[in-house]
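What follows is each chain in one-letter form.
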Amino acid sequence: MPPLEEALLVPSSPGRFKIYRPQSHIMNRAFHRCFASTTMVLLWALILIAFTASYLTFVDTGNRYLHHSSFWDHGGIGGIQWEKKVRSSAQILRADGISVLVTGAAGFIGTHVALALKTRGDGVVGVDNFDNYYGPSLKRTRRALLEAHGVFIVDGDINDQRLLAKLFDTVAFTHVMHLAAQVGVRYGVDNPYSYVHSNVAGLVTLLEQCKCAGRQPAVVWASSGSVYGVNNKAPFSESDPANPPASLYASTKKTGEEITHTYNRLYGLSITGLRFFTVYGPWGRPDMVYFSFTRNISEGTPITVYRVKDRVDLARDFIYIDDVVKGCVASLDTSGKSTGSGGKKKGSAPYRIFNLGNSISSPVTVPAMVRILEDSLGMKAKMDVTDVTGNVDFSFPHVNISLAQKELGYNPTTDLQSGLRKFVKWYLWYYGKPSAHLNQF
Ligand SMILES: NC(=O)c1ccc[n+]([C@@H]2O[C@H](COP(=O)([O-])OP(=O)(O)OC[C@H]3O[C@@H](n4cnc5c(N)ncnc54)[C@H](O)[C@@H]3O)[C@@H](O)[C@H]2O)c1
């Protein structure tokens, strides 16, 4: 019953009146009945929840979209400033020059190769995810060095399809120098997935992009001498069977050789795989033995030198960085063209594999290397000699480089003594007092 002041008395017949209830009261009653019903209350509650959820989803998606688009469109990856930097870095400044995407450009070999290409007038764009396998501060310094020479390194992962597509949309790369990888042998025990991520999945993502390009680039990429695995035959030649691998790192590099072969056969990509042996030199990798020995000797802390079965000293085929760079550049220059376009093969393309090792003073035992470091530093090493146990790469790389000599004109000229002297000189310059920088690793 509505409140009285809302009811009107209207005549129904002479002398009689009935109470007239306005329509709103009828609706109110229906409304009340509606809400009084438990089912309807539940229904309304559900509708309310659904509205709230879709509102929140909308706000979240919107935020992400706004954040993402601003990242891509205003100075971040894909923005106008970004495109300008990429184009300027890719500019070719010599007749018959090439434009090269260098992956792993903030890495040891990548930095040297990018610099060599830029110096001779080629267009170079780098990409690197600055992973923290070893101190990112060294990678950032290498990046600064490259930027000072006009090479732009995009901070990104080779698994990022959208990034690669954007790079290839911005520049018609003639070549890809693929050096990005999870490196190191023992780290496979702690972080096996990083090898699959960078050396297998990342490789496939990059090859997919190359395959789909309108004008496919030629691909030169870093395999490794470690693919020879536990083979006893020496010296290792490209025609020898390369198995079984002695580490997860070696397995992923071997897998990379199979994968690149498939892309060559199916899509006409020109592929050159380079089996590097132990590369050393200025701006090198702190995880490598010549580097850590230099640090320890100069700090007066002990080094451990391993011996294999029957007290045989471990030996390595050491190759100086400048020689490796010449091999990489010669591989780019002689790579031959990819034949496909937009994912379709139009003819067969070259598939090559080369050993890039040393021939001058190779292989060198680890104690011999220590003696050279002692001479260069003018300090005596505190050496613990230990027989090998457990998870150590037993390989004894000694390499035949005659194929690279013949086809690439590859002729290493730096012996270990001069190369290590140059490295030690750089080390002392870069780190000054070594103890001040130890925390970077
Ligand atoms: N240095 C050697 O003695 C040696 C020997 C054999 C093979 N190789 C191969 O040569 C190449 C270069 O080696 P290096 O010694 O310069 O190593 P490096 O670690 O200094 O360089 C590799 C670079 O790749 C980057 N990277 C790793 N994963 C990536 C990813 N998913 N996306 C983008 N960037 C990524 C790293 O941040 C690093 O800067 C590697 O493929 C390595 O396996 C090196």
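Reading guide: rules and limits
- Residues numbered from 1 in each chain as written.
- Predicted model: local features only at pLDDT ≥ 70, side-chain atom pairs only at ≥ 80, totals over all residues.
- UniProt positions renumbered as here; feature names shortened; annotations may be inferred.
- Axes fitted to C-alpha atoms, helices over the stretch in contact; angles between N-to-C directions.
- Helix = DSSP H or I, 4+ residues; strand = E, 2+ residues; numbered from the N terminus.
- Parallel < 35°, antiparallel > 145°, perpendicular 65-115°, else oblique.
- Left-handed = near helix turned anticlockwise from the far one by under 90°.
- Contact = placed C-beta atoms within 7 Å.
- Nonpolar A, V, L, I, M, F, W, Y, C, P; charged D, E, K, R; others polar.
- Pairing = 2+ DSSP bridges.
- Expected span 1.5 Å × (residues − 1).
- Buried ≥ 20, exposed ≤ 12 C-beta atoms within 10 Å, placed from the backbone.
- Bend = angle between axes of the 7 residues up to and from the residue.
- Near = placed C-beta within 6 Å.

- The chain goes by UDP-glucuronate 4-epimerase in an unreviewed UniProt entry, where it is assigned to Cynara cardunculus var. scolymus.
- Check the Catalytic activity (unreviewed entry) section of the UniProt entry for the chain; it says "UDP-alpha-D-glucuronate = UDP-alpha-D-galacturonate".
- Turning to the chain, the UniProt annotation filed under Subunit (unreviewed entry) states: "Homodimer."

**Quick look at the packing of helix H8 (residues 192–212) against helix H9 (residues 248–267)**
Point 1. At their nearest, the axes of H8 and H9 sit 10 Å apart, and the two run at 15 degrees to each other. Between H8 and H9, the interaxial angle falls into the category roughly parallel. Between H8 and H9 the crossing geometry is right-handed. Contact residues: H8 offers Pro 192, Tyr 195, Val 196, Asn 199, Val 200, Leu 203, Val 204, Leu 207 and Lys 211, while H9 offers Leu 248, Tyr 249, Thr 252, Lys 253, Thr 255, Gly 256, Ile 259, Thr 260, Tyr 263 and Tyr 267.
Point 2. A per-class count over the contact of H8 with H9 returns 12 nonpolar, five polar and two charged.

**Some details on the sheet that holds strand S5 (residues 152–155)**
Point 1. Sheet architecture is open: seven strands sit in the order S5-S4-S3-S6-S7-S8-S14, paired in parallel fashion. Of all strands in the sheet, those with a lone pairing partner are S5 and strand S14 (351–356), marking the two edges. Taken over all neighbouring pairs, the strand axes of this sheet differ in orientation by 20 degrees on average, direction set aside.
Point 2. Sheet contacts for helix H4 (residues 108–119): strand S3 (99–103), strand S4 (123–128) and strand S6 (175–178); angle to S4, the most-contacted strand, approximately 165 degrees.

**Description of H4**
Point 1. Between the first and last C-alpha of H4 there are 17 Å, a value that for 12 residues agrees with the 16 Å anticipated at 1.5 Å per step.
Point 2. In terms of residue burial, H4 counts as a mostly covered element, since 10 of its 12 residues are buried.
Point 3. All buried positions along H4 are accounted for by Phe 108, Ile 109, Gly 110, Thr 111, His 112, Val 113, Ala 114, Leu 115, Leu 117 and Lys 118.
Point 4. Gly 121 sits one or two positions beyond H4 and adopts a positive phi of about 105 degrees.

**Focus on the sheet that holds strand S11 (residues 312–313)**
Hydrogen bonding along the main chain pairs the strands of a sheet, whether they run parallel or antiparallel.
Point 1. Here we have three strands laid out as an open sheet, ordered S11-S10-S16, and mixed in their pairing. The outermost strands of the open sheet, each flanked by one partner alone, are S11 and strand S16 (383–387).
Point 2. Judged from the five bridges that link them, strand S10 (residues 303–308) and S16 form a sheet pairing that is parallel. When the bridges of S16 are listed, Tyr 306 appears paired with Thr 386.
Point 3. Along the sheet, helix H12 (residues 366–377) makes contact with S10, S11 and S16, crossing S10 at roughly 155 degrees.

**Quick word on the pairing of strand S8 (residues 271–276)**
Point 1. With six of six residues buried, S8 lies mostly within the body of the structure.
Point 2. Burial along S8 is two-sided: Ile 271, Gly 273 and Arg 275 and Thr 272, Leu 274 and Phe 276, pointing in opposite directions, are all buried.
Point 3. In this sheet, S8 lies alongside strand S7 (residues 218–222) in parallel orientation, the contact comprising four bridges. Along S8, the bridge assignment pairs Trp 221 with Gly 273.

**Some details on H8**
Point 1. Between its first and last C-alpha, H8 extends 30 Å over 21 residues, near the 30 Å set by a 1.5 Å rise per residue.
Point 2. Along its length, H8 shows its largest kink, about 35 degrees, at Gly 202.
Point 3. Where H8 is concerned, the buried positions are Tyr 195, Ser 198, Asn 199, Gly 202, Leu 203, Leu 206, Leu 207, Gln 209, Cys 210 and Lys 211.
Point 4. On its buried face, H8 is in contact with S3, helix H6 (161–170), S6, helix H7 (187–190), S7 and H9.

**Quick look at the site of the ligand**
Point 1. Near the ligand you find 29 residues, and of these Gly 104, Gly 107, Ala 180, Ala 181 and Ala 222 are the closest.
Point 2. For the shell around the ligand, the secondary structure elements donating two or more residues are H4, S4, H8 and strand S9 (278–280).
Point 3. When the residues that make up the shell around the ligand are grouped by side-chain class, the tally is 13 nonpolar, 11 polar and five charged.

**Description of the packing of H4 against helix H5 (residues 136–148)**
Point 1. At a closest axis distance of 10 Å, the pairing of H4 and H5 adopts a crossing angle of 5 degrees. Classed by the angle they form, the pair H4 and H5 counts as roughly parallel. Along its contact with H4, which presents Thr 111, Ala 114 and Leu 115, the element H5 presents Arg 142, Leu 145 and Leu 146.
Point 2. Residue classes in the contact of H4 with H5 are distributed as four nonpolar, one polar and one charged.

**Some points on the environment of Leu 332**
Point 1. Mapped onto the fold, Leu 332 is located in helix H11 (residues 321–333).
Point 2. Overall, Leu 332 belongs to the buried group, with 20 C-beta atoms counted inside 10 Å.
Point 3. Sequence-wise, Leu 332 and Trp 221 are 111 residues apart; in three dimensions their C-alpha atoms are separated by 9.8 Å.

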